[in-house]
Structure formats: C-alpha cells, structure tokens
Amino acid sequence: MNPATNLIVTGFMGTGKTAVGREVAARLGREFVDTDHLIEQRVGRSIPDIFEHDGEAAFRAMEAEVCRELTRPRNLVIATGGWTLGNPDNRAALEAGGKVICLRADSRTLIERLGSAQGRPMLRDPHWPWRLRALLAQRMPTYLSFPFQVNTSRLTIGQAADRVLGLWDILNHQTDADSVPLALPVALDDTGYSVLIGHGALDWIGVLAAALGRPTGAAIISDSTVAPLYARRVAAALEHAAAAPTGATGLATPLLATMPAGETHKTLSTVTDLYAQLLAGKLDRGALVLALGGGVVGDVTGFVAATYMRGLPLIQVPTTLLAMVDSSVGGKTGVDLPFGKNLVGAFKQPELVVVDPSVLATLPAAEMRAGLAEIVKAGVIGDPALFERLEQGRLDDVAWLIHRAVAVKIEVVQSDPFEQGRRAVLNLGHTFGHALETLSDFRLRHGEAVAIGMVIAARLAARLGRCQPETATRIEAALYRLGLPTKVPDYPAEAIWAAMASDKKKQGNRLRFVLPTAIGQVAICDDVPRSAVLEVLETAE
Ligand SMILES: NC(=O)c1ccc[n+]([C@@H]2O[C@H](COP(=O)([O-])OP(=O)(O)OC[C@H]3O[C@@H](n4cnc5c(N)ncnc54)[C@H](O)[C@@H]3O)[C@@H](O)[C@H]2O)c1
C-alpha cells in the first residue's frame, strides 16, 4: 500500500467519526481533515444553518466538491459526513487516494449518544429516535458495503481508535492490501452484516473479528475433514490479530472444537458434544464462535452459537461451494432428527460471513458439483445472466459465480428474514430434493438431490402450464452439462410423495411447491394437484 494512502473514517451520525478520526490522526502524526468542518469553514456557517437556508442539495454539492479535492494520497486522516459516501462519485473520489474504515454502532447506542447532542437538524423532531432508526435502516446497505468495519458501541473514543489503528496496521502489513475482499451487505432493518468474498480472505479473519468486538475467547468449530486443512490458518489469523499492540487478546488462543464430517452427524448428539467441548474450553457468553466448514458445520455451529449460554456471536466461514452461496447466509441453522431433516433449529444471523474461494481447491469434484446446483437454483430464482453462464458451462471465474448467487440469496433473505412468505422461493427443488435425500438414506448429496428436485419442479411447472416447455428443458440441460444428476431415482412415486408429505415444508394438509415460471422467476404454489405430481414422477425417466 502506498505509504501516503489516506485513512478515511466514515459512518452514520453518532458512530464517532470525527472524535475517533481526530484521535487516530494524532496517534499517527497525520493531518486530520473533517469534510463537514471544511465546508463550514469555507461557507462561514454551520451545517444546520446551510441545511436550513440553502437546502440539502446545496450542501451535497459542496460536499462533492470537497471530495473531488481529496482524491490524492496525501497522508491524511479524513472523517466524512454521515452520508458523504452514499454518493458513489464521492466514494470513488475518496477511495482513489485512500482506504475506508466504516464505523458502526447499534441504534440503541446511537440514540443514547445523540440524545445529549445539540444542533443536529434531525434532533429537533420530537420523534427523532424513530426517524433515526428508519434512516439508519435505509442507509445500512451502503455502510455494510465497506469491507472494514469497526463497531464502536460500548467503546470509548480511545478504544475505538485502537480498533481503527489495529485494522490500519494489518492493512499496511497485508501484502495484498490492494485486493481487499468485496463486501455484499445483508441489511436487516437497522442492523445487518456483510458477506466478504475474496481470494485469501481466510487470512483476514483475525482483523475482521477483532474489529467486530472484544471477545473474551474464541472457538473454531470444524469437522474432521476441514479442520486439518484450514483450522490452523484461521487460528493463526486470530492469533496474529491478538498479538498486534492494539489487538483483541480474547482471540489469542482459539479453541478448536471438532465434529465428525457428514450429514449423518448433523444431530442433537453432536450439538451436545460441542457444548461439552466449549464448556471444557471455558468459553463464556463473551466468546466468539467461528463455523469453519460446509453446510453441515455451518448449520450445527449456528445452532450451537444460538443456544450455548443463550447465544454467542457467530462468524460463518464456509468452505464448500454450497455453503458459500447458500447455507452461510440468511441465518437458518439447525439439525436433523431421526424423523426428518432440519426439524430442530433457530434463526441465528452471523456477525459476518467470510468467503475465500481459494479453499475450494481441496473440495472434491462431486461436492463442487453439488454447490453448482445451488448456483443454478439462484440463477433460476433471480439471475438470468448467471443462469446463462452456467448453461454455457463457463466456470472460469468462480468468485463471480459466488458473488452473483449470494446476491440472489441476500435479496430474498432481506425481503423475508424469518421465512414468512417469499423466502420459500429458496426451496426451489427442495421439496422433492429432501424427499429423495431421505429415501436414499443420504447417499445422494444435498446438492445432487436439489438438482433432481429442480428437474422435477421444472417438468411439473411445464405440465401445469406455469412455464414454457423450453424453460424446463434449459434447466435440465444446464444441470446435465454441469455433471449433475437429472434422472429421477427409481423410487415408487407414492414413496416420494409420502416422504414429501412428512417434510416440514408442508403447509397444513397441502404440499407447497416452488415452480419456475421463467429463467429468473419462480412462483410459490399451494394448489398443485397430487395427481399431477404423481404423473410427473411416474413418467420421469
Ligand atoms: N442453513 C441453510 O440455509 C442451508 C441451505 C442449504 C443447505 N443447508 C444444509 O447444508 C448441508 C449441506 O452442506 P454441504 O453440501 O456443504 O455438505 P457438508 O458440510 O457435509 O460438506 C461436504 C463434505 O465436504 C467436506 N469439505 C468441506 N469443505 C471442504 C474443503 N474446502 N476441502 C475439502 N473438503 C471439504 C466436508 O468435510 C464434508 O465431508 C445440508 O445439511 C443442508 O441441509 C443449509
């Protein structure tokens, strides 16, 4: 990184940009620039006065002008206004010469801090706390799109400055600091988290975890296959962050808790065993849990993090393609019971998801294909361009595929975080898929079962006139081209129906199906006649 690179501190009002920025500048011996202050100096009036007499548009124009002047690396610490970087041109201008660290705080903290502040135009409204939450929710996607975040809730200015400097220090020492991970925001009202995607992102975990909070300890939960491959590297990243002068000491000696690999271990007894390992490691409620593995580890660890001592913060570090594009995002966690899959669980949103596509190098080809099935699913649900790329067999840029598939998942999850309606679209192929998985005694991988499930759903849609026959043909051909199974296994149609009927996705007495209506569009159908389903299953070859 250029030694003169500017350090830019941004964030919502009340997160501490100016005070923290000034402290950071003093400690680095750098000049401090506050864009709001610069504008006030130039105009000779306060920001509230500019807003009141000239209007917001005039203020935003001045702000843009200031940003255009700050594009070069000049060894500065710059604190921006709360919404300066909401304008993409301002963001591009400042990022040309610097790296942004976004300060965040929960809305309760912000309301406490701002309650005693004077002079902000918004605070004159008696309903300002409600307005503040609404504004924060509206702006959250932008704040979450910065890969480097420091949560300043419950921190003094000095502690927040420590965290910013800790991040800055590691950014400076990171050899690939110019290829920072991409951050996709998952905004859930006035809070949320980011999905970071980037080659080498595993090595960033320490600094990212340290910036999130001051954990009293940390546990990496992984399985018997993934732990020997990557746990040491993740532990080293945590230890590295703890060793920095401003480091988070709780990350110093992370506990490694393991479970046997595979769906058959996604059980309550594994959960109990993991609780025992965390207790033996003396992890308390202030500890951080990292789920390092595929969807099974993610689901089990998420459930453990949701329930151990009534809940610990969680970072998802998915290592299968399926987990990267699907299970690590959205907060659904849980385990299987002897009566069926995922019958016990909890919604547990992570604090962060860290996706490092380079770990896919060790993933067996069959698991890779299973993940591709979920990417096809994402394309069918909401991204025709993604589907077309898969249809052409273009797998060269896997980070792009992950990015696009995660974006589809995020869009759906944001619209329905607790699966009360639209989120069911993500179950495309799953009603049939889960039944086939169960009937095969889990010899069929989840992704493989979903691939066959999508073929059946597409044929059913075509049969019911819900999509063009060509749509069904394209879905089947794309899956086949990617090496996924498309042939319905030889179970009696009635047995598949019975297995589906015991699945929890049933609504009352009716089975619910997600059917493609076009590439990039699906519908949730509760009125599919049993006879039509059985016909499709019976005529399937
Ligand atoms: N929570 C959700 O929203 C959600 C969504 C979709 C699927 N799921 C769940 O996800 C599970 C399936 O996940 P999965 O397909 O990732 O299976 P998995 O977790 O069993 O992983 C597959 C195998 O790959 C190994 N592995 C993982 N990463 C590896 C790597 N980088 N290199 C080498 N080996 C590696 C694992 O040890 C395992 O043996 C199912 O239980 C399913 O119900 C959950």
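Preceding block: the structure.
Only a predicted model underlies this, so the values are computations on that prediction, with no experimental measurement involved. (Residues numbered from 1 in each chain as written. Predicted model: local features only at pLDDT ≥ 70, side-chain atom pairs only at ≥ 80, totals over all residues. Heavy atoms only, no water.)

J.: Explain the packing of helix α3 (residues 47–54) against helix α4 (residues 56–68) to me, and be specific about the residues and the numbers.
T.: Running from N to C, α3 and α4 cross one another at 125°; their axes reach a closest spacing of 7 Å. Judged by the inter-axis angle, α3 sits oblique to α4. Packed against α3, whose contacting residues are I47, I50, F51 and D54, the element α4 presents E56, A58, F59, R60 and M62 at the interface. Residues belonging to the contact of α3 with α4 are distributed by class as follows: six nonpolar, no polar and three charged. (Axes fitted to C-alpha atoms, helices over the stretch in contact; angles between N-to-C directions. Helix = DSSP H or I, 4+ residues; strand = E, 2+ residues; numbered from the N terminus. Parallel < 35°, antiparallel > 145°, perpendicular 65-115°, else oblique. Contact = heavy atoms within 4.5 Å. Nonpolar A, V, L, I, M, F, W, Y, C, P; charged D, E, K, R; others polar.)

J.: Now, about the nonpolar core: what can you tell me, with residues and values included?
T.: Nonpolar side chains tend to gather and get buried jointly when the protein is soluble and globular. Judged by nonpolar contacts, the single largest core of 130 residues is most densely connected at V195, L251 and F513. With 11 residues, the top contributor of residues to this core is helix α18 (residues 446–463). Not counting the four nearest positions on each side in its chain, F513 is found in contact with T431, F432, L460, W497, M500, A523, I524, C525, V528 and V533. If you look at the next biggest cluster of nonpolar residues, it comprises 32 residues, including I39, L70, A105 and L144. (Core = buried A, V, L, I, M, F, W, Y, C linked by side-chain atoms within 4.5 Å. Buried < 20%, exposed > 50% of the residue type's maximum accessible area, 1.4 Å probe, protein only.)

J.: Give me the pattern of salt bridges: which residues, what numbers.
T.: Considering all chains together, one arrives at 31 salt bridges under this definition. D299 is the partner of K266 in a salt bridge, and the nearest nitrogen-oxygen pair spans 2.8 Å. On the criterion of sequence distance, the pair formed by K266 in the loop between β9 (255–259) and α11 (268–280) and D299 in helix α12 (residues 295–307) is long-range, its members being 33 residues apart. Its salt-bridge partner being K377, residue D326 comes within 3.2 Å of it at the nearest N-O pair. Pair noted here: D326 is in helix α13 (residues 321–327) and K377 is in helix α14 (residues 365–382), with a separation of 51 residues, a long-range link. Accessibility assignment for this pair places D326 and K377 in one class, buried. Ionic contacts of the salt-bridge type, sharing partners, join the residues D326, E374, K377 and K409 into one network. (Salt bridge = Lys/Arg side-chain N within 4 Å of Asp/Glu carboxyl O.)

J.: I'd like a rundown of the site of the ligand, residues and numbers included.
T.: In the region of the ligand, 27 residues are neighbours, and D223, E263, G295, T319 and T320 sit closest. Take T225: an N or O atom from its side chain is 3.5 Å from an oxygen atom of the ligand. Between the ligand and the protein, one listed contact pairs an oxygen atom with a side-chain N or O atom of K266 at 2.8 Å. Isolated, the ligand exposes 870 Å² of accessible area, and the fraction of that covered by the protein chains is 90%. Counting residues per element, the ones that place at least two in the shell around the ligand are α10 (226–243), α12, α13 and β13 (340–347). Classifying every residue of the shell around the ligand by side-chain character gives nine nonpolar, nine polar and nine charged. (Near = heavy atom within 4 Å. Polar contact = N/O pair within 3.5 Å; in protein donor to acceptor, adjacent residues only side chain to side chain. Areas by Shrake-Rupley, 256 points an atom, 1.4 Å probe, with all protein chains shown as cover.)

J.: So, the packing of aromatic side chains: which residues are in play, and what are the values?
T.: Here the structure, examined in full by the defined rule, presents seven aromatic pairs. Measuring from centroid to centroid gives 6.1 Å for F12 and Y143, while their planes differ by 80°, and the two rings are edge-to-face. Separated by 131 residues along the polypeptide, F12 in the loop between β1 (6–11) and α1 (17–28) and Y143 in helix α7 (residues 128–144) bring together distant segments of the chain. What makes F12 buried here is its relative accessible area of 1%. Looking at Y143, the relative accessible area reads 3%, which means it is buried. Seen in terms of ring centroids, F347 and F418 are 5.2 Å apart; in terms of plane orientation they differ by 85°. Their pairing is edge-to-face. Of the two residues, F347 is situated in strand β13 and F418 in the loop between α16 (398–415) and α17 (430–439); the sequence distance between them amounts to 71 residues. (Phe/Tyr/Trp six-rings, centres within 6.5 Å; stacked < 30°, edge-to-face > 60°.)

J.: With reference to specific residues and values, describe the side chain of K341.
T.: Tracing the backbone shows K341 in strand β13. Polar contacts involving the side chain of K341 include one to the side chain of E263, which spans 2.9 Å.

J.: Please give an account of the environment of A242 that cites residues and values.
T.: Considering the arrangement of structural elements, one finds A242 in helix α10. For the pair A242 and D299, spaced 57 residues apart in sequence, the C-alpha separation works out to 27 Å.

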